[in-house]
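Secondary and tertiary structure notes
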Amino acid sequence: MRKRALITGVTGQDGAYLAAFLLKQGYEVHGVKRRSSSFNTGRVDHLYQDPHEPEIGFVLHFGDMTDSTNLIRLVQEVQPDEIYNLAAQSHVQVSFDTAEYTANADGVGALRILEAIRLLGLTKTTRYYQASTSELYGLAQERPQRETTPFYPRSPYAVAKLYAYWITVNYREAYGIHASNGILFNHESPLRGETFVTRKISRGVAAIHEGLQDKLYMGNIDSVRDWGHARDYVEGMWRMVQQDNPSDYVLATGQTHSVREFIELCFAHVGTTLCWEGKGVEERGVDAKSGRVLVEIDPRYFRPTEVEYLCGDASKARNQLGWTPATSFQDLVAEMMRSDMASIARKCGHVE
Ligand code: NDP
Ligand code: GDR
């Protein structure tokens, strides 16, 4: 019998990589998508299978993390061996504007699924993965951050995820559910949402190079992150769920780069050397050859409370799961740039 997985957030970056990975492992994959007024399945359209075919491996269901009865019905219908709860309002800055909704979808949403598992009597049969985050560490003093580092969340998003983290631990301890938290540091890819910093930069630099955009307007470019590739990280999620015992694991590369470095590397990819002039909000990124201003600071992208530095120690995942990230930072940036250059070129009609 092939295993059945239910993925919430299947239309997002990680959902798309995880669905493809699980299908390759022979799973029957059920994904939860939201109703929207325009198509929102672009990242998983290549996995679509005609529902009239007899052996369907990939099925999409309508649902929402704020709708308990819908989630209970879905879990009952699918009877999954594994649930990957990836759905979330995942944008940190947006969470300051939609704090209550973020708490509902990201925090209570996790509880709704765990309750569905409990109410339906699936505590011994359905395993649960919670998409926890390095944002939980926020202002943590310890560097690098590991599973034992105390949390200090710095946004409504991170506080909502703190609830989801602990309710996962609690349901594991209270009801014996095989429930694990993956504390994942930032991971990116060509499928990354366009308003997260890496994709905003790779897309923007490609558009500037093709003459479709003037410059980039950025927030805190001295922020430091531990960036990996989403493809590597979804495999780590799966490995956690396959363990005999549930636990919580950090996934990270252990290497850090600033937003500034990310910008420089993207421009270098198109042959532009960037130099920096001025200070604070007056700072500018300038084409070293032509003197043209390519990057400006726009305080609207500053956050009320910022997480300045994150660096993860994934030793536990390496030792217990045999997980290591395969993609280097340089290869990640190059892959994102190649993809955005190709899509901008298509837009300009340069290629078929
Ligand atoms: P995305 O923002 O790309 O995807 C989020 C997914 O959740 C989308 O499918 C979205 O649907 C769905 N979603 C949002 N709100 C709801 C809701 N109310 N009901 C149902 N579905 C909803 O995020 P990522 O793929 O990057 O991240 C996956 C998970 O991992 C998230 O929980 C995120 O917080 C967490 N995480 C991500 C990290 C990263 O670096 N990428 C690091 C650590 C944790 P739609 O497409 O319709 O918007
Ligand atoms: P983050 O990702 O907040 O780490 O959350 P994001 O890419 O949004 O920001 C990273 C850092 O870059 C700084 N920054 C900017 N960010 C954005 N979006 N736009 C800008 O113009 C800009 N300029 C500078 C930010 O201030 C920040 O310091 C991501 C999400 O995927 C979460 O869901 C996930 O939990 C964490 O990663 C781990």
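What you see is a predicted model; the values in this text were computed from it and never measured. (Residues numbered from 1 in each chain as written. Chains lettered and ligands numbered in written order. Predicted model: local features only at pLDDT ≥ 70, side-chain atom pairs only at ≥ 80, totals over all residues.)

Counting its secondary structure elements, the protein contains ten helices and 15 strands. Computed over C-alpha atoms, the radius of gyration of the protein comes to 21 Å, within 12% of the 20 Å expected from 2.2 N^0.38 for 352 residues, which places it in the range of a compact globule. In terms of overall dimensions, the protein has a C-alpha envelope of 65 × 50 × 40 Å along the principal axes. The buried share of the protein, reckoned over its 352 residues, is 47%. The contacts in the protein between residues at least 6 apart in sequence include a share of 75% that link residues at least 24 apart. (Helix = DSSP H or I, 4+ residues; strand = E, 2+ residues; numbered from the N terminus. Rg over C-alpha atoms; globule rule 2.2 N^0.38 Å. Buried ≥ 20, exposed ≤ 12 C-beta atoms within 10 Å, placed from the backbone. Contact = placed C-beta atoms within 7 Å.)

The next point concerns the sheet that holds strand 5 (residues 127–133). Spatial strand order, 3-2-1-4-5-6-11: seven strands in an open sheet with parallel pairing. Looking along the sheet, the strands with just one partner apiece sit at the ends: strand 3 (58–62) and strand 11 (248–251). When the angles between neighbouring strand axes are averaged without regard to direction, this sheet yields 20°. Bridging between strand 1 (residues 4–8) and strand 4 (residues 82–85) involves four bridges; their strand directions are parallel. Across the sheet, the residue bridging to Thr-8 is Asn-85, located in strand 4. Those strands touched by helix 2 (residues 68–78) are strand 1, strand 2 (28–33) and strand 3, and its axis lies near 160° from that of strand 1. The sheet strands contacting helix 7 (residues 230–242) are strand 4, strand 5, strand 6 (179–184) and strand 11, and the helix crosses strand 6 at an angle near 155°. (Pairing = 2+ DSSP bridges. Axes fitted to C-alpha atoms, helices over the stretch in contact; angles between N-to-C directions.)

In the numbering adopted here, UniProt assigns the feature "binding site: NADP(+)" (unreviewed entry) to Tyr-128. Topologically, Tyr-128 is positioned in strand 5. Tyr-128 has contacts with Ile-83, Asn-85, Leu-114, Ile-117, Thr-168, Ile-177, His-178 and Ala-179, leaving out every residue within four places of it along the chain. (UniProt positions renumbered as here; feature names shortened; annotations may be inferred.)

Turning our attention to the UniProt feature "domain: NAD(P)-binding" (unreviewed entry) in the protein. Residues given the UniProt feature "domain: NAD(P)-binding" (unreviewed entry) here are residues 6–336. Helix makes up 37% of residues 6–336 and strand 18%. Its end C-alpha atoms lie 28 Å apart.

What follows deals with the sheet that holds strand 15 (residues 293–297). Pairing within the open sheet is mixed, and its four strands lie in the order 8-15-14-13. Sheet topology places strand 8 (216–218) and strand 13 (274–277) at the edges, where each strand pairs with a single neighbour. The mean angle between the axes of side-by-side strands here comes to 25°, regardless of whether they run parallel or antiparallel. As defined by bridge partners, strand 14 (residues 284–287) adjoins strand 15 across three bridges and the pair is classed as antiparallel. Bridge assignment links Arg-284 to a residue of strand 15, and that residue is Glu-296. Taken strand by strand, helix 8 (residues 259–269) contacts strand 8, strand 13, strand 14 and strand 15, and its axis lies near 140° from that of strand 13.

Our focus in this paragraph is the site of ligand 2. Around ligand 2 there are 22 residues in total, and Ser-90, Thr-133, Val-197, Gly-219 and Ser-223 lie nearest to it. For the shell around ligand 2, the elements supplying multiple residues, two or more each, are helix 3 (92–97) and helix 6 (197–209). Broken down by class, the residue content of the shell around ligand 2 amounts to eight nonpolar, nine polar and five charged. The residue makeup of the shell around ligand 2 includes at least three contributed by each of domain 1 (4–190 + 227–255 + 310–327) and domain 2 (197–221 + 258–308 + 331–347). (Near = placed C-beta within 6 Å. Nonpolar A, V, L, I, M, F, W, Y, C, P; charged D, E, K, R; others polar. Domains from an automatic or database assignment.)

Quick look at the domain arrangement of the protein now. The domain boundaries assigned to the protein delineate domain 1 (4–190 + 227–255 + 310–327) and domain 2 (197–221 + 258–308 + 331–347). The straight-line distance from the C-alpha centre of domain 1 to that of domain 2 is 30 Å. Contact residues are listed per partner, giving 13 residues for domain 1 and eleven residues for domain 2. Among the elements that make up the side of domain 1 that touches domain 2, the one with the highest residue count is helix 3 (three residues). A class-by-class count of the residues in the side of domain 1 that touches domain 2 yields five nonpolar, five polar and three charged.

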